[in-house]
Amino acid sequence: MTDGPTGADGPANPAPRRRGRPSRAADTTGPDARTRILEAARTEFAERGYDKTSIRGIAKAAGVDSALVHHYFGTKDEVFAAAIELSFEPALAIPAILGSGTDGLAERLARYFIAVWENPASRVPLLAVMRSALTHEAAAKVLRGFVLRRLLERIAQTLDVPDATFRAELAASHMIGIAMLRYVIRAEPLASAPPEQIIEMVAPTLQRYLTES
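Since we're looking at a predicted model, the values are computed, not measured. (Residues numbered from 1 in each chain as written. Predicted model: local features only at pLDDT ≥ 70, side-chain atom pairs only at ≥ 80, totals over all residues. Heavy atoms only, no water.)

Novice: Can you lay out unusual backbone geometry for me, pointing to particular residues and giving the numbers?
Specialist: In the segment running from glutamate 188 into proline 189, the intervening peptide bond is cis, with an omega of 10°. Topologically, proline 189 is positioned in the loop between α9 (164–184) and α10 (195–211). One non-glycine residue, aspartate 163, lies in positive phi territory at about 55°. Tracing the sequence through the fold places aspartate 163 in the loop between α8 (137–158) and α9. (Helix = DSSP H or I, 4+ residues; strand = E, 2+ residues; numbered from the N terminus.)

Dropping the structure here:
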């Protein structure tokens, strides 16, 4: 005696699928699933922009179930933030920028920031971030939160200067403005200027923002 009607391919009324993290079968062979999701997210955001990118689309590009994306990152905003972090790597950058003290701090910061943008692998998704932030508040919020809170404000607070948040905002406005004009709008002569020339011109202003009383 069977438990219910069956067809040629098995039970006609299979048990409902459970919600939550997918089974290990969803993790196909190859790189770590989380890494694949992040790489797929960077590509999707770069090609489609923030508004047209979906969790389902990221999951499909990564070859995983949508539930696995939610498991690792939660919302689209959180995937977006993680994709930005993948480009900037703040955990590695901040100790290197701080170095042994305030001498040369701004030059290290400017060099790091320009290097991220000059690298084609990180520049493409960052271009999508910048363009999306101009038209979508959710994308702008993620960009502000990362560049300001996760990077520049942490640097300013480590230096124990007054008005750390304000100083960080000034530095962020300067650096994001350069990125917008050089890489998004491609305004000349800034777009064609050698990176070293930009670093040399910008570093003294950033140093004043972040370290002078």
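Resuming the write-up.
Novice: Explain the pattern of salt bridges residue by residue, including any values.
Specialist: Enumeration according to the criterion identifies four salt bridges in this entry. For glutamate 44, the salt bridge identified is with arginine 48, shortest N-O distance 2.9 Å. Of the two residues, glutamate 44 and arginine 48 are both situated in helix α1 (residues 33–52); the distance of four residues between them amounts to about one turn of the helix. For glutamate 44, a relative accessible area of 10% puts it in the buried group. One salt bridge connects glutamate 107 with arginine 111, and the closest N-O pair in it is separated by 2.9 Å. Of the two residues, glutamate 107 and arginine 111 are both situated in helix α6 (residues 105–118); the distance of four residues between them amounts to about one turn of the helix. Sharing partners across several salt bridges, the network here consists of Glu107, Arg111 and Glu196. (Salt bridge = Lys/Arg side-chain N within 4 Å of Asp/Glu carboxyl O. Buried < 20%, exposed > 50% of the residue type's maximum accessible area, 1.4 Å probe, protein only.)

Novice: Mind laying out the side chain of arginine 182, listing which residues take part and the relevant values?
Specialist: With respect to the helices, strands and loops of the structure, arginine 182 is situated in helix α9. Since its relative accessible area comes to 4%, arginine 182 is described here as buried. Of the polar contacts made by the side chain of arginine 182, one reaches the side chain of tyrosine 183; its length is 3.0 Å. A polar atom in the side chain of arginine 182 sits 2.7 Å from the backbone oxygen of leucine 190. (Polar contact = N/O pair within 3.5 Å; in protein donor to acceptor, adjacent residues only side chain to side chain.)

Novice: With reference to specific residues and values, describe the packing of α6 against helix α7 (residues 120–135).
Specialist: Running from N to C, α6 and α7 point in directions that differ by 90°, and their axes come no closer than 6 Å. Judged on the interaxial angle alone, α7 and α6 are roughly perpendicular. Contacts between α6 and α7 pair Val116, Trp117 and Glu118 from the former with Pro120, Ser122, Arg123, Leu126, Leu127 and Met130 from the latter. For the contact of α6 with α7, the class distribution of residues is six nonpolar, one polar and two charged. (Axes fitted to C-alpha atoms, helices over the stretch in contact; angles between N-to-C directions. Parallel < 35°, antiparallel > 145°, perpendicular 65-115°, else oblique. Contact = heavy atoms within 4.5 Å. Nonpolar A, V, L, I, M, F, W, Y, C, P; charged D, E, K, R; others polar.)

Novice: I'd like a rundown of the environment of tyrosine 209, residues and numbers included.
Specialist: Residue position: tyrosine 209 is located in helix α10. Along the sequence, tyrosine 209 and phenylalanine 166 sit 43 residues apart, while their C-alpha atoms lie 8.9 Å from each other. Apart from the residues lying within four places of it in its own chain, the contact partners of tyrosine 209 are Arg167, Leu170, Ala171 and His174.

Novice: Tell me about α9, and name the residues and values.
Specialist: For α9, built from 21 residues, the straight-helix expectation of 30 Å at 1.5 Å per residue is met to within 8% by its first-to-last C-alpha distance of 28 Å. Of all the residues in α9, the buried ones are Ala164, Arg167, Ala168, Ala171, Ala172, Met175, Ile178, Ala179, Met180, Arg182, Tyr183 and Val184. Following α9 by one or two positions, arginine 186 has its phi on the positive side, about 60°. (Expected span 1.5 Å × (residues − 1).)

Novice: Which residues make up the packing of aromatic side chains, and what values go with them?
Specialist: This structure, assessed with the given rule, holds three aromatic pairs. Consider the rings of phenylalanine 45 and phenylalanine 80, whose centres lie 4.8 Å apart with planes at 65°: the pair is edge-to-face. Residue phenylalanine 45 is located in helix α1, and its partner phenylalanine 80 is located in helix α4 (residues 76–88); the two are separated by 35 residues in the primary sequence. (Phe/Tyr/Trp six-rings, centres within 6.5 Å; stacked < 30°, edge-to-face > 60°.)

Novice: Now, about the packing of α6 against α9: what can you tell me, with residues and values included?
Specialist: Across the interface, α6 lies against α9 with an axial gap of 11 Å and an inter-helix angle of 30°. For the element pair α6 and α9, the recorded crossing hand is right-handed. Residues Leu109, Phe113, Ile114, Trp117 and Glu118 of α6 form the contact with α9, whose participating residues are Met175, Ile176, Ile178, Ala179, Arg182 and Tyr183. Taken together, the residues that form the contact of α6 with α9 break down as nine nonpolar, no polar and two charged. (Left-handed = near helix turned anticlockwise from the far one by under 90°.)

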